[in-house]
Every structure is written in structure tokens, then in C-alpha cells.
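As a plain string of letters, each chain reads:
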Number of protein chains: 2
Amino acid sequence: MKFKNMAVATLALGLSAAALAQAIGKAEDQIRWRQSVMQTQGWSMGRIKANIEGTFNKDQVIQAANTIQALANSGSGGLFQSGTGTGKGWHDTNVKPEYFTNAAKLKEVGMAYNKEANEMAKVAASGDAAAVKTQFGNLGKSCKGCHDEFRKKENQ
Amino acid sequence: MKFKNMAVATLALGLSAAALAQAIGKAEDQIRWRQSVMQTQGWSMGRIKANIEGTFNKDQVIQAANTIQALANSGSGGLFQSGTGTGKGWHDTNVKPEYFTNAAKLKEVGMAYNKEANEMAKVAASGDAAAVKTQFGNLGKSCKGCHDEFRKKENQ
């Protein structure tokens, strides 16, 4: 754990881009954290998919849906500060330059994802496998909506 | 995204170690996912710490605490199947062999972490900065309780 660095970096996230650059110097931490958030979401999506295609385990689906909901509401957008459009976390970032210039589209796809993630958690709690399948489709589309706009095709 | 592989891997997590080995062959996916979960927890702990030490923003603390709670209840222990004691995800795993042999201690530290993470989310929702500071200390101890037992010192 690198609490000291993390604390500095995280504090900086609330500051201006200039203050951020001064405070942490490197974009690596933000990129590594956002890649970790994405991976955790991917793991969770995979678990729901496996439950839809295999034996449906309500508890597993709830675990995964609650994880996705928490991450969708975690404020991880704060990990895309100015100056993090290139650089390496676990690997080179796949973010497109458009992420930092098309605020209207970003808001649109971000809000769509947030809505579907919140709905996924509600539907998971119901334990209705058919409804989970439908909502999983909606959620997947909202993931794709952002990826198509803002993620490079390579290294996915 | 590698949904197909993830789905296969995740399905396999509910199977025996032999079936798991047959189904996914490699431990890399599990190790990468659990390292991502740990990083996301670390990011969230860092955010709470920054709010305690700097300007307290209730919403940020709630975001971070809810993320930690969801991950603590996500069933990520399922990512430590037999055969994943060595190998590389984002980096070589730091898990100690004892993780796979001392079930009683694992249960003890795991339950302690779960309890403190759930309590952290409750306290965060209250918006009481002093209570958040106290509970952050309790939660940090429960993290350390597991790390001391089951995580190698290097590459932390």
C-alpha cells in the first residue's frame, strides 16, 4: 500500500489540473486505478453473464451487480484529469483524446451507464433471472456506448 | 473486454480445482482480477484518508466507503482458487502459501474486514467526520490484519 502517495494523489483530484500536476507529477496512479476499476467491472459483468448462461445463482448476481453499482457511483471519472490522456498504469492507457474534449457526449454516455448500473442492482435484488438477462443487455449496451466513443480498439 | 473468456473463467470458479484447471488452464485471470479489486480498495481507502486529513467532503467519503463495502461483499475470495498461489496477473501474486492452508485464520480476518467495511459505509452515510476517522482506523487495522497474515512484504 502506498497510502502517502495515494492520499496526495487523491487530494489532488479535487484541485485544478495545474495543481494536480504539481502535486503528483505523474499520471500513472490515476491510470492504474481507473484500469483497476474497469477490470473489476469487467470481472463483475463476466460473473453476471456466466450466471445467465449457466446455473443462476441469485447471491452471485447480487454481489456482482452491487459491485458495478458502487463503481458506477464511485466518482472514478475523477481519475481522468487533464494530463492523463497518455501514460501507463498497468498498461498504456486506451483512452481516446475525445474523452477530454467532448464533454457533452461524455456526460450522455456516463449518465446512461449510471442509470443502467443502478437499475441492474435493483433487478438483481429481485432474483428474476429473465429480468436480469434483459437488464444485463441494457447495461452492456451502455458500457459499449462509452467504449465505442472513448476507448481505443487495441489492448482491450 | 474478453467476455467469452471471463464468462468461462467465472463459471469455472464454482467448480472443483480440477475442473477449474481444465476450464481455464491459467491462473492469470483470477490473479489480475483480485489485484484489480485490491487496487480499487486501496484507491478508495486513500480517498477517505485524504478527506480526513484535508477538507472533508461527505459525498466523496460515501462514494469511497460504498465501493469498499461492495467489494468486501463481492465474493472476491472466489478468485483465490487452488493453483493460484503462484503466477502473474498485473504482476506476480503476493499471496502467501498460508492463505491456502490456514482456513481458520482466513475466516477470522476476512470476517473482521467484512464487519468493518459494512460499518464504514454506515458511518460514512452519517457524515460525521470524527466518526469516519475512528472507523477508518478500525477498517485499516482489519486490512492490515489480513495483509500481515497472507500477503508477502515485497511489491506492495
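Residues numbered from 1 in each chain as written. Chains lettered and ligands numbered in written order. Predicted model: local features only at pLDDT ≥ 70, side-chain atom pairs only at ≥ 80, totals over all residues. Heavy atoms only, no water.

Chemist: Which parts of the structure should I look at to understand the confidence of the model for chain A?
Modeler: Parts of the model with low pLDDT should not have their predicted coordinates read in detail. Of the residues in chain A, 83% have a pLDDT of 70 or more, and the chain-wide mean is 86. Within the model, pLDDT remains below 50 along residues 1–25 of chain A, and this stretch shows 43 contacts once partners closer than five positions in the same chain are excluded. (pLDDT = per-residue confidence, 0-100. Contact = heavy atoms within 4.5 Å.)

Chemist: Looking at this structure, I do not really get the packing of helix α3 (residues 28–53) of chain B against helix α4 (residues 58–72) of chain B. What am I missing?
Modeler: In helix packing, the relevant descriptors are the interaxial angle and the interaxial distance, both defined with respect to the helix axes. Residues and elements named next belong to chain B. Axis separation between α3 and α4 bottoms out at 9 Å; the angle between their running directions is 150°. Relative to α4, α3 is oriented roughly antiparallel. Relative to α4, the crossing made by α3 is left-handed. In this structure, α3 uses Val37, Thr40, Gln41, Ser44, Met45, Arg47, Ile48 and Asn51 to contact α4, whose residues at the interface are Gln60, Val61, Gln63, Ala64, Ala65, Thr67, Ile68, Leu71 and Ala72. Per-class residue counts for the contact of α3 with α4 are nine nonpolar, seven polar and one charged. (Axes fitted to C-alpha atoms, helices over the stretch in contact; angles between N-to-C directions. Helix = DSSP H or I, 4+ residues; strand = E, 2+ residues; numbered from the N terminus. Parallel < 35°, antiparallel > 145°, perpendicular 65-115°, else oblique. Left-handed = near helix turned anticlockwise from the far one by under 90°. Nonpolar A, V, L, I, M, F, W, Y, C, P; charged D, E, K, R; others polar.)

Chemist: What is the right way to read the packing of aromatic side chains from this model?
Modeler: A ring pair, where both rings are aromatic, is described by two values, the distance of the centres and the angle of the planes. Taken as a whole and assessed by the stated rule, the structure comprises seven aromatic pairs over all chains. Between Tyr99 of chain B and Phe150 of chain B, the aromatic rings sit 5.5 Å apart at their centres with planes inclined by 75°, giving edge-to-face as the arrangement. Separated by 51 residues along the polypeptide, Tyr99 of chain B in the loop between α4 and α5 (103–126) and Phe150 of chain B in helix α6 (residues 129–150) bring together distant segments of the chain. We classify Tyr99 of chain B as buried; its relative accessible area is 13%. On the accessibility criterion, Phe150 of chain B (3% relative accessible area) is buried. Among the aromatic side chains, those forming a connected cluster through ring pairs are Phe80, Tyr99, Phe100 and Phe150 of chain A. (Phe/Tyr/Trp six-rings, centres within 6.5 Å; stacked < 30°, edge-to-face > 60°. Buried < 20%, exposed > 50% of the residue type's maximum accessible area, 1.4 Å probe, protein only.)

Chemist: Sorry, what's going on with the packing of helix α4 (residues 58–72) of chain A against α4 of chain B here?
Modeler: Closest axis-to-axis distance for the α4 of chain A/α4 of chain B pair is 9 Å, and the angle between their directions is 165°. The pairing of α4 of chain A with α4 of chain B is recorded here as roughly antiparallel in orientation. Once α4 of chain A is placed against α4 of chain B, the crossing between them reads as left-handed. Contact residues: α4 of chain A offers Asn66, Thr67, Ala70 and Leu71 of chain A, while α4 of chain B offers Asn66, Thr67, Ala70 and Leu71 of chain B.

Chemist: What is the right way to read the state of the cysteines from this model?
Modeler: Linking two cysteines covalently through their sulfur atoms gives a disulfide. Residues and elements named next belong to chain B. This model, assessed by the stated rule, comprises zero disulfides over all chains. The cysteine Cys143 is free of any disulfide, with Cys146 supplying the nearest cysteine sulfur at 8.6 Å. Classification of Cys146 by relative accessible area gives partly exposed; the value is 21%. (Disulfide = S-S within 2.5 Å.)

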